[in-house]
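Architecture at a glance
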Amino acid sequence: MTGRRRIIAVFLPNWPMDRLFRELKARGKAPDRRRPLALAMSAQGGLRITARNRAAAQEGVSEGQLVTDAMALCRGLEVRDADPAADAAALKKLADWCGRYTPWTAPDANGLGAEPDGIFMDITGCDHLFGGEAALLDDLIARLGGFGVVARAVAAAPPGA
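Residues numbered from 1 in each chain as written. Predicted model: local features only at pLDDT ≥ 70, side-chain atom pairs only at ≥ 80, totals over all residues. Heavy atoms only, no water.

Moving on, we come to the overall build of the protein chain. Each helix and strand counted, the protein chain has 5 helices and 7 strands in total. Each helix and strand of the protein chain, placed in order from N terminus to C terminus, yields the pattern β-α-β-β-α-α-β-α-β-β-α-β. If one aligns the C-alpha atoms of the protein chain with their principal axes, the spans along those axes are about 55 × 35 × 25 Å. Counting the 161 residues in the protein chain, one finds 35% classified as buried. (Helix = DSSP H or I, 4+ residues; strand = E, 2+ residues; numbered from the N terminus. Buried < 20%, exposed > 50% of the residue type's maximum accessible area, 1.4 Å probe, protein only.)

The subject of this paragraph is the environment of Arg6. Here Arg6 is to be found in the segment before strand 1 (7-11). For Arg6, a relative accessible area of 17% translates into the label buried. A C-alpha to C-alpha distance of 5.5 Å links Arg6 and Ala156, two positions 150 residues apart in sequence. Excluding its chain neighbours within four sequence positions, the residues that come into contact with Arg6 are Met121, Asp122, Ile123, Thr124, Glu133, Ala155, Ala156 and Ala157. Looking at Arg6, its side chain comes within polar contact range of the main-chain oxygen of Ala155, at 3.4 Å. (Contact = heavy atoms within 4.5 Å. Polar contact = N/O pair within 3.5 Å; in protein donor to acceptor, adjacent residues only side chain to side chain.)

Moving on: the environment of Val149. Mapped onto the elements, Val149 comes out in the loop between helix 5 (133-146) and strand 7 (152-156). The class for Val149 is buried, based on a relative accessible area of 4%. For the pair Val149 and Leu37, spaced 112 residues apart in sequence, the C-alpha separation works out to 16 Å. When near neighbours in sequence (up to four residues on either side) are disregarded, Val149 contacts Leu12, Trp15, Asp18, Arg22 and Leu144.

In this section: the packing of aromatic side chains. If you walk through the whole model with that rule in mind, you get 3 aromatic pairs. Here Trp97 and Tyr101 contribute two aromatic rings whose centre-to-centre distance is 6.0 Å and whose plane-to-plane angle is 75°, an arrangement assigned as edge-to-face. Of the residues examined, Trp97 reaches a relative accessible area of 25% and is grouped as partly exposed. Residue Tyr101 is classed as buried on the basis of its relative accessible area of 2%. Relative to Phe130, the ring of Tyr101 lies with its centre 5.1 Å away and its plane at 45°, an arrangement referred to as tilted. With Tyr101 in the loop between helix 4 (84-97) and strand 5 (105-107) and Phe130 in the loop between strand 6 (118-122) and helix 5, this residue pair connects regions lying 29 residues apart in the sequence. Aromatic rings pair up to connect Trp97, Tyr101, Phe130 and Phe147 into one cluster. The ring of Phe21 carries the charged tip of Arg33 above its face, separated from the ring centre by 4.1 Å. For the cation-ring pair, Arg100 lies above Tyr101, with the distance from its terminal atom to the ring centre recorded as 5.3 Å. (Phe/Tyr/Trp six-rings, centres within 6.5 Å; stacked < 30°, edge-to-face > 60°. Lys NZ or Arg CZ within 6 Å of the ring centre and 35° of its normal.)

Two strands in a sheet stick together by hydrogen bonds in their backbones, pointing the same way (parallel) or opposite ways (antiparallel). Spatially, 5-6-1-7 is the arrangement adopted by the 4 strands of the open sheet, whose pairing is antiparallel. With one partner strand each, in any of the chains shown, strand 5 and strand 7 form the two edges of the open sheet. Averaged over all pairs of adjacent strands, the angle between strand axes in this sheet comes to 15°, irrespective of strand direction. Across 5 bridges, the pairing between strand 1 and strand 7 is antiparallel. Each bridged residue has a counterpart across the sheet, and for Val10 the counterpart in strand 7 is Ala153. On top of the sheet, helix 4 reaches strand 5 and strand 6; it is set at about 165° to strand 5, its chief contact. Along the sheet, helix 5 makes contact with strand 1, strand 6 and strand 7, crossing strand 7 at roughly 160°. (Pairing = 2+ DSSP bridges. Axes fitted to C-alpha atoms, helices over the stretch in contact; angles between N-to-C directions.)

Below, the structure written as C-alpha cells:
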C-alpha cells in the first residue's frame, strides 16, 4: 500500500430504468426492453421525461422533453411515473451491497442529474483482497452487469476525480 487514499466513483447512467426493470423482473412483470419506455414526472411546463430506455432514445425521446412531444415522436411509447424515492432507496441498498469490497460506501448525492446516480467507495487498503485495483473494478462492473445494472467506474485519489 502506498498510503494514498483511493476512491472508486461508480456512475450508473441508466439508474432509474435499471432499478425499475430489476423491480419489475423480481415481481415477474418485466416489460420488454425492446419496446420504448420512459419515466416522467411533473416539472416546469408540464409532465416531463426523466429517464428513458434505449428503444425510446432511438425513437428520439430525450430526458427533459415534454411527454406530449415524446409521444408525438414515438407513438408506441409507454410512460410510467418516475419514483425518485424508490430510486434513492434502491441506490442506498446497492451502496450497502458494495460493502463486499470495502466498508466505506455511500450513494453519490451529487449526481449530474437531479437525483443521485452513483456510488462512492473508499477502497484504500482493500484492493489487494481482490487481486488489485483493476481486478476489483472488473469484478464490480461484471457483478453489476449481472444484476442488469449499467455501470462505469474509475478509481482515483480524490473523490470525484
